[in-house]
Amino acid sequence: AFNGVIAIDGPSGSGKSSVARRLATELGAACLDTGAMYRTATLAVLRSGVHLGDKQTVIKVVETAKVEFGTTPADRYARLDGENVDADIRGDEVTANVSAVSSIPEVRQYLITSQRDIIKAAENGIVVEGRDIGEVVAPDADLKVYLTADPAERARRRSTQNGANLAATAADIKRRDTADAKTTRPHDAAPGAVVLDTTHLDLDQVITALHELITRGG
Ligand code: C5P
């Protein structure tokens, strides 16, 4: 049975989440959405009422927040203080502030440590998705994939997914790509990563390509 680590990186709307969940399901592996961790940390900060400019307090809030993540593909969840926050972390307020929170080095260090702990604990392998997995979180991953797609196609997918206005979604993706590029490298593949442009591929085709890479051993 598969028990390795697969790193899937890429910008917003590249299809990472659907791909990661489906691949993990088919491999019988766990699946970790690191974007959800940054989003939950951001929600904790917003709920605490702390000013985003007050970095020391922001760091403290993130480090003491009571969060739990479900990594079973069929039952992925994020909880804050015991409450399921899957809907809240996808909301506009979190989306507008997550880049600022995730740009704080201490916040990243804290979350990267918990990501590595979760990866270590996964006994049947794990698919990890994010922006810096292949390069920073799990540079020894068995397979590293960089998923990308044209900005217009990424906006179309995101707005279909969450029912938001296409132009507003396109603007938000562009803003977040730019903001995130200061901390991670959403436009670059990690060393050793296989680049997969999904602009003209559907989910089945991407999954087939990944299974081939896994069988060939990366
Ligand atoms: O993937 P998703 O759009 O949910 O990620 C939300 C935000 O979390 C990103 O815009 C980025 O600021 C941050 N993030 C990060 N590093 C990761 C995953 C997400 O900085 N590995």
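With an unreviewed UniProt entry as reference, the protein is termed Cytidylate kinase, source organism Stackebrandtia nassauensis. Its UniProt record gives the protein the following Subcellular location (unreviewed entry) comment, quoted word for word: "Cytoplasm".

S.K.: Describe the side chain of Arg108, naming the residues involved and giving the relevant values.
M.R.: Checked against the element boundaries, Arg108 lands in helix H5 (residues 105–121). Looking at Arg108, its side chain comes within polar contact range of the main-chain oxygen of Ser102, at 2.8 Å. Arg108 has contacts with Tyr38, Ser102, Asp132, Thr183 and Thr184, leaving out every residue within four places of it along the chain.

S.K.: Quick one: what's the story with the pairing of strand E2 (residues 30–33), residue by residue and with numbers?
M.R.: Here E2 shows two buried faces, one formed by Ala30 and Leu32 and the other by Cys31 and Asp33. Here E2 runs beside strand E6 (residues 126–130); their pairing, made up of four bridges, is parallel. Within E6, the residue paired with Asp33 across the bridge is Glu129.

S.K.: Residue-level account of the nonpolar core, with values.
M.R.: Core analysis: the biggest nonpolar cluster contains 36 residues, and Val5, Val107, Ile119, Ile126 and Val128 have the highest contact counts within it. When residues of this core are assigned to their parent elements, the largest contribution, seven residues, is made by helix H2 (residues 34–48). If we ignore the near neighbours within four places in the chain, the residues touching Val128 are Val5, Ile6, Ala7, Ile8, Leu32, Thr34, Ile119 and Ile133. Grouped together as the second largest cluster of nonpolar side chains are 19 residues, Ile8, Leu27, Val145 and Leu210 included.

S.K.: Break down the pattern of salt bridges for me, with residues and values.
M.R.: By the definition in use, this model includes 16 salt bridges. Measuring nitrogen to oxygen at the nearest pair gives 3.0 Å for the salt bridge that ties Asp132 to Arg108. With Asp132 in the loop between E6 and helix H6 (133–137) and Arg108 in helix H5, the pair connects residues that are 24 residues apart, well separated along the chain. The salt bridge partner of Asp172 is Arg176, with a shortest N-O separation of 3.6 Å. With a gap of four residues between them, Asp172 and Arg176 both fall in helix H8 (residues 166–180), about one helical turn apart. What emerges from the salt-bridge pattern is a single network uniting Arg22, Glu26 and Asp204.

S.K.: Could you give me a rundown of the UniProt feature "binding site: ATP" (unreviewed entry) in the protein, with the residues and numbers involved?
M.R.: Cross-referencing UniProt, the feature "binding site: ATP" (unreviewed entry) maps to Gly10, Pro11, Ser12, Gly13, Ser14, Gly15, Lys16, Ser17 and Ser18 in the present numbering. By the secondary structure assignment, Lys16 is in helix H1 (residues 16–27). Excluding anything up to four places from it in sequence, Lys16 contacts Ile8, Asp9, Gly10, Pro11, Glu129, Gly130, Arg131 and Leu147. At 2.9 Å, the side chain of Lys16 forms a polar contact with the backbone oxygen of Gly10. In this fold, Ser17 is placed in helix H1. Under the relative-accessibility criterion, Ser17 is labelled partly exposed at 24%. Not counting residues within four places of it along the chain, the set of residues in contact with Ser17 comprises Asp33, Arg76 and Glu129.

S.K.: Got a sec to walk through the site of the ligand? Specific residues and values, please.
M.R.: Taken together, 16 residues lie near the ligand, and Arg39, Arg108, Asp132, Arg176 and Asp180 sit nearest. For the ligand, a nitrogen atom lies 3.1 Å from a polar atom in the side chain of Thr34. For the ligand, an oxygen atom lies 2.8 Å from a polar atom in the side chain of Arg108. Protein contact buries 98% of the 460 Å² of open area that the ligand shows by itself.

S.K.: Please set out H8 residue by residue, giving values where relevant.
M.R.: Between its terminal C-alpha atoms H8 stretches 21 Å, which fits the 21 Å expected from 15 residues at 1.5 Å a residue. For H8, the capping residue at the N-terminal end is Asn165, with a side-chain oxygen 3.0 Å from the backbone nitrogen of Ala167.

S.K.: Lay out the UniProt feature "domain: Cytidylate kinase" (unreviewed entry) in the protein in plain terms, naming residues and giving numbers.
M.R.: As recorded in UniProt, the sites labelled "domain: Cytidylate kinase" (unreviewed entry) are residues 6–215. Along residues 6–215, the helical share is 52% and the strand share 18%, with 13 Å between the first and last C-alpha atoms.

S.K.: Lay out helix H9 (residues 203–216) in plain terms, naming residues and giving numbers.
M.R.: Relative to the 20 Å expected for 14 residues at 1.5 Å per residue, H9 spans 20 Å between its end C-alpha atoms, a close match to the ideal helical length. By the burial criterion, the buried members of H9 are Val206, Ile207, Leu210 and Leu213. Summarising the axial view, the buried residues of H9 lie within an arc of 120°, below the 170-degree limit, and thus occupy one face. Away from the buried face of H9 by more than 90 degrees, exposed residues Thr215 and Arg216 are located. Against H1, strand E7 (143–148) and strand E8 (194–197) lie the buried residues of H9. N-capping of H9 is provided by Asp202, with a side-chain oxygen placed 3.2 Å from the backbone N of Asp204. Phi turns positive one or two residues past the end of H9, at Gly217, with a value near 85°.

Definitions and limits used
Residue numbers run consecutively from 1 along every chain, following the written order of its sequence. Residues qualify for local features only when their pLDDT is at least 70, as the model is predicted, and side-chain atom pairs are given and counted only at 80 or more; totals for whole chains, interfaces and linings, by contrast, use all residues. The side-chain quantities take in all heavy atoms of the structure and omit both hydrogens and water. UniProt positions are given in the numbering used here, feature names are shortened, and annotations may be inferred rather than shown by experiment. Secondary structure elements are taken from DSSP: a helix is a run of H or I of four residues or more, a strand is a run of E of two residues or more, and numbering for both begins at the N terminus. Here a polar contact means two N or O atoms within 3.5 Å. Within protein one must be a hydrogen donor candidate and the other an acceptor candidate, and residues neighboring in sequence count only if both atoms are side-chain atoms. By definition in these notes, contact holds between two residues if any of their heavy atoms fall within 4.5 Å. Think of it in three bands: with a 1.4 Å probe and only protein chains considered, a residue is buried below 20% of the maximum accessible area for its type, exposed above 50%, and partly exposed in between. Pairing between two strands requires that DSSP report at least two bridges joining them. The nonpolar core is taken to be a set of buried Ala, Val, Leu, Ile, Met, Phe, Trp, Tyr and Cys residues, with the residues joined through side-chain atoms within 4.5 Å. Salt bridge, as used here, is a side-chain nitrogen of Lys or Arg placed within 4 Å of a carboxyl oxygen of Asp or Glu. Nearness is defined per residue: one heavy atom within 4 Å of the molecule or strand is enough. For the accessible areas, the method is Shrake-Rupley and the probe is 1.4 Å, while residue cover comes only from the protein chains on display. Residue count minus one, scaled by 1.5 Å, sets the expected span of a helix. Directions drawn from the helix axis to the C-beta atoms are what define this arc.

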